[in-house]
2 protein chains.
Amino acid sequence: VILVVCLNPALDITHDVPAVDWTGVNRPSAVHARPGGKGLNVARTLRALGADVLVLGLAGGITGAGVAAALSEAGVPAAFTAIRGETRRTFTVVDGRGGGAALFNEAGPAVDEDEWAQFRVQYEKALAGSAAVVLSGSLPPELPDGTYAELIERAAAAGVPAVLDAHGAALGLGAAAGPAIVKPNLAELEALAGQALSAAGRADEAAVAGAAAALRAAGAGAVVATLGAQGLLAVTGDGDWAARPPAALAGNATGAGDAVTAGLAFGLVAGWPWERRLRHAVALGTAAAAAPVAGEFSDADYARGLDRVTVTRLAAR
Amino acid sequence: VILVVCLNPALDITHDVPAVDWTGVNRPSAVHARPGGKGLNVARTLRALGADVLVLGLAGGITGAGVAAALSEAGVPAAFTAIRGETRRTFTVVDGRGGGAALFNEAGPAVDEDEWAQFRVQYEKALAGSAAVVLSGSLPPELPDGTYAELIERAAAAGVPAVLDAHGAALGLGAAAGPAIVKPNLAELEALAGQALSAAGRADEAAVAGAAAALRAAGAGAVVATLGAQGLLAVTGDGDWAARPPAALAGNATGAGDAVTAGLAFGLVAGWPWERRLRHAVALGTAAAAAPVAGEFSDADYARGLDRVTVTRLAAR
């Protein structure tokens, strides 16, 4: 089983409005409501790959019940720890005129010490039978930055490798706790490095490799940076690698990043060498970017992508 | 017991956003989620007046469960008929800069014939023990315009007087079915009359009285028009009345109209003469307009208003 920890899941609500009146009353022509949050996208992708998955996390209130019900309907096993706070919603208004969108993201519920202690008990129990754990997405506002680091240490103590997709202090502290793989995107890596790693809209791959190597030196087993259309740059115990998609990644960037995380976790558990892990991760990311909804992809896109990804071992830095 | 029929309840979600970026990502500073729909506002107001209330209606999905749970928490008894469709949400974004707001109102769920038949059974059972029934708010999109008329006829057959607050064809057909009281606002009455009944932002009270009399002649026992700051104009079996609030009604117009409906139903059941019914209805409407949330009012505002409402019997038309 691959554990997927989603501490701050969401109900993602989208309204398609033919021509938005931002100062008045609108009647959406279509309404979508789906379980969201990066961890749930990862879990759905892993499930679609055929992996055994168990989602753990915190969910509360009617919105939390809605997320759990929708996951169950989608065939993704989940065992959320119940909290008194209300699971967050995200609300997206898509303007039919130009395709522009406004997003309104609730922060997430309060979590008290008892609830967190209950989660930790569930987490430790679940670790016992797990091949890997994926920690992905934002933290509820009141959980400390060291939360992922704590969960990675407990996984390490249980001999379970961790894959971390986070940002800011949670990423920095988490990487230092020794996860098998950390997957920052360019902006997250730049924020952590405290400097730009790109110019004129292109990542400077030497600079990215340097920042990734620093993050690896801090404690991560490997660092895989997602660079949009430039694909992945991986700094691993088996050297540095670049994995490039066949064409420009267009579309759903969030979905693409979460699919890469899922591909990396799947390859880790399968024991694949880095060349193969990265090939599958890029093909999945490309297929997910083309899908309308994060957490989904077409098998045909995925299969087609596998042959067309270029994976290169980079010269020693 | 006063039955309150709310066929298209809602979960009203409000995001307060300090300075909205209508093209990007926003983090609300405050989030509110409340049961909504005009019928529920009426029910909460009746409950606050001390009336025995039972809400009937249609509710489905997670949002429907949320509405039912929130009503139960608020101490308002409800027995919704379960439907397969998902109860609607309304979403309001309040821009902290200017107080402007954008509203996104989902239309409401599909209702099939079996579900409607089940509702009718529940409705007829509940009619047996009821003193009055209030029918208020929009219909789910697939229910026919004659829906309220059908429910009013069944109430009449059971000897239960009906109070109707609807618009468009549902209002016209409903009034013809013989409710005790119909409560249109100015815009609804104008739409039904097919002509303007106001000029320069003020209702033409003689014209309103004419349109109300026509609606009464069509079958309603009494017609009470809400005219904003001008208060109420009532055409009843005991003559025509004007009831004026002490000062301009500012604030929540939806909440004010629903409070007037609740006040009229309360007075009907209590057997009050029209002078007293209208005085209480205006005082409630004024108090509700001043409250931040529809369906709520301050007892002090209500009590203060009672002494300050002016109710006048109008000369025969």
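Residues numbered from 1 in each chain as written. Chains lettered and ligands numbered in written order. Predicted model: local features only at pLDDT ≥ 70, side-chain atom pairs only at ≥ 80, totals over all residues. Heavy atoms only, no water.

1. Looking at the overall build of chain A
For clarity, the threshold we go by: Per the convention used, a helix needs a DSSP run of H or I reaching at least four residues, while a strand needs a run of E reaching at least two, with both numbered from the N terminus. We compute the radius of gyration over the C-alpha atoms and compare it with the globule rule, which gives 2.2 Å times the number of residues raised to the power 0.38. Exposure categories follow from relative accessible area, calculated using a 1.4 Å probe and restricted to protein chains: below 20% of the type maximum is buried, above 50% is exposed, and the middle band is partly exposed.
Counting its regular elements, chain A contains 10 helices and 17 strands. Its C-alpha atoms give chain A a radius of gyration of 19 Å, within 12% of the compact-globule value 20 Å for 317 residues. Projected onto the principal axes, the alpha-carbon positions of chain A cover approximately 60 × 50 × 40 Å. Expressed as a percentage of the 317 residues in chain A, the buried residues total 54%.

2. Points about helix H8 (residues 253–270) of chain A
Structurally, the α-helix is built with 3.6 residues per turn, so residues lying three or four positions apart point the same way. All names here are of chain A. Short version of the rule: Take the residue count of a helix, subtract one, and multiply by 1.5 Å to get its expected span.
If you check H8, its first and last C-alpha atoms are 26 Å apart, about what 18 residues at 1.5 Å a residue would give, namely 26 Å. Extensive coverage of H8 is indicated by the burial of 13 of its 18 residues. Just downstream of H8 lies Gly271, where phi reads positive at about 75 degrees.

3. Examining the pattern of salt bridges
Condition: For this analysis, a salt bridge means a side-chain nitrogen from Lys or Arg found within 4 Å of a carboxyl oxygen belonging to Asp or Glu.
If you walk through the whole model with that rule in mind, you get 28 salt bridges over all chains. Residue B:Arg313 pairs with B:Asp238 through a salt bridge whose shortest N-O separation is 3.4 Å. Here B:Arg313, found in strand S17 (residues 310–313), pairs with B:Asp238, found in the loop between strand S15 (232–236) and strand S16 (239–244); they are 75 residues apart in sequence, far enough to count as distant. Given a relative accessible area of 47%, B:Arg313 falls into the partly exposed group. Residues participating in the shared-partner salt-bridge network are A:Lys38, A:Asp165, A:Lys183 and A:Asp258.

4. Quick look at the sheet that holds strand S7 (residues 88–95) of chain B
Basically, it comes down to this: For two strands to be treated as a pair, DSSP must find no fewer than two bridges joining them.
Taken in spatial order, the 5 strands make up an open sheet running S3(A)-S8(B)-S7(B)-S2(B)-S4(B), and their pairing is mixed. At either margin of the open sheet sits one strand with a lone partner, and together these are strand S3 (25–26) of chain A together with strand S4 (30–36) of chain B. Here S7(B) pairs with strand S8 (residues 101–105) of chain B via 5 bridges, running antiparallel. Residue B:Thr92 lies in a different strand from S8(B), and its bridge partner there is B:Leu103.

5. Digging into the relation of the copies chain A and chain B
Each copy of the chain is related to the other by a rotation around an axis and a translation along that axis. Condition: Here the copies were fitted onto each other by least squares, based on C-alpha atoms from residues at pLDDT of at least 70 in both.
Of the transformation superimposing chain A on chain B, the axial component is 0.0 Å and the angular component is 180 degrees, with the fit at an RMSD of 0.0 Å. Those values place the two copies in the arrangement expected of a two-fold rotation axis. Among all C-alpha atoms of chain A, that of A:Ile62 lies closest to the rotation axis, at 3.5 Å.

6. As for unusual backbone geometry
All names here are of chain A. At Ala200, a position not held by glycine, the phi torsion is positive, near 55 degrees. Structurally, Ala200 is set in the loop between strand S12 (198–199) and strand S13 (202–203). Note on Ala200: relative accessible area 87%, which makes it exposed.

7. Examining the packing of helix H1 (residues 38–48) of chain B against helix H8 (residues 253–270) of chain B
Residue and element names in this part refer to chain B. Stated formally: Only the stretch in contact is used when fitting a helix axis, every axis being a line fitted to C-alpha atoms; angles between N-to-C directions are given from 0 to 180 degrees. Relative orientations are named as follows: roughly parallel for angles under 35 degrees, roughly antiparallel for angles over 145 degrees, roughly perpendicular for angles from 65 to 115 degrees, and oblique for any other angle. Each crossing gets its hand from how the near helix is turned against the far one by less than a right angle, where anticlockwise is left-handed and clockwise is right-handed. Residue contacts are defined here by distance: any two heavy atoms, one from each residue, within 4.5 Å place the two residues in contact. All residues other than Ala, Val, Leu, Ile, Met, Phe, Trp, Tyr, Cys, Pro, Asp, Glu, Lys and Arg, Gly among them, are scored as polar; the first ten of these are nonpolar and the last four charged.
At a minimum axis separation of 8 Å, H1 and H8 run at an interaxial angle of 55 degrees. What the angle tells us is that H1 and H8 run oblique. Considering the relative orientation of H1 and H8, their crossing is right-handed. Listed contacts from H8 to Lys38, Asn41, Val42, Thr45 and Leu46 of H1 are Thr254, Asp258, Ala259, Thr261, Ala262 and Phe266. The residue inventory of the contact of H1 with H8, partitioned by class, reads 5 nonpolar, 4 polar and 2 charged.

8. A short note on the sheet that holds strand S15 (residues 232–236) of chain A
Residue and element names in this part refer to chain A. Read from one edge of the open sheet, 10 strands run S6-S5-S1-S9-S10-S11-S14-S15-S16-S17, paired in mixed fashion. The sheet is open, and its two borders are formed by strand S6 (78–83) and strand S17 (310–313), each paired with just one other strand. Pairing analysis gives 4 bridges linking strand S9 (residues 132–136) to strand S10 (residues 162–165), with the strands arranged parallel. Bridge pairing in S10 places Ser136 opposite Asp165. Across the sheet, helix H3 (residues 113–127) lies against strand S1 (2–6), strand S5 (53–60), S6 and S9, angled at about 165 degrees from S6, the strand it touches most.

9. Looking at the interface of chain A and chain B
Keep this limit in mind: Two parts placed together each lose some accessible area; with a 1.4 Å probe, that loss summed over both constitutes the buried area. Under the rule applied, a polar contact is a pair of N or O atoms within 3.5 Å (in protein, one hydrogen donor and one hydrogen acceptor; residues adjacent in sequence only if both atoms are side-chain atoms).
Facing the 28 residues of chain A at the interface are 28 residues of chain B. Carbon and sulfur atoms supply 65% of the area that chain A and chain B bury against each other, a total of about 2100 Å² over both sides. On inspection of chain A and its partner chain B, the count reaches 0 salt bridges. Where chain A meets chain B, there are 8 residue pairs in polar contact (both at pLDDT 80 or more). Examining the composition of the side of chain A that touches chain B, we find that 5 residues originate from one element, strand S8 (residues 101–105) of chain A, more than from any other. Residues belonging to the side of chain A that touches chain B are distributed by class as follows: 18 nonpolar, 6 polar and 4 charged. Pairing of S3(A) with S8(B), which is carried by 2 bridges, proceeds in the parallel orientation. Bridged to A:Val25 within S8(B) is B:Leu103.

10. Section: the environment of B:Leu56
Residues and elements named next belong to chain B. Along the chain, the position of Leu56 falls in strand S5 (residues 53–60). A relative accessible area of 2% places Leu56 in the buried class. Separated by 41 residues in sequence, Leu56 and Arg97 have C-alpha atoms that sit 39 Å apart. Residues contacting Leu56, with those up to four places away along its chain left out, are Leu3, Val4, Val5, Cys6, Ala79, Phe80, Phe119, Gln122, Tyr123 and Ala126.

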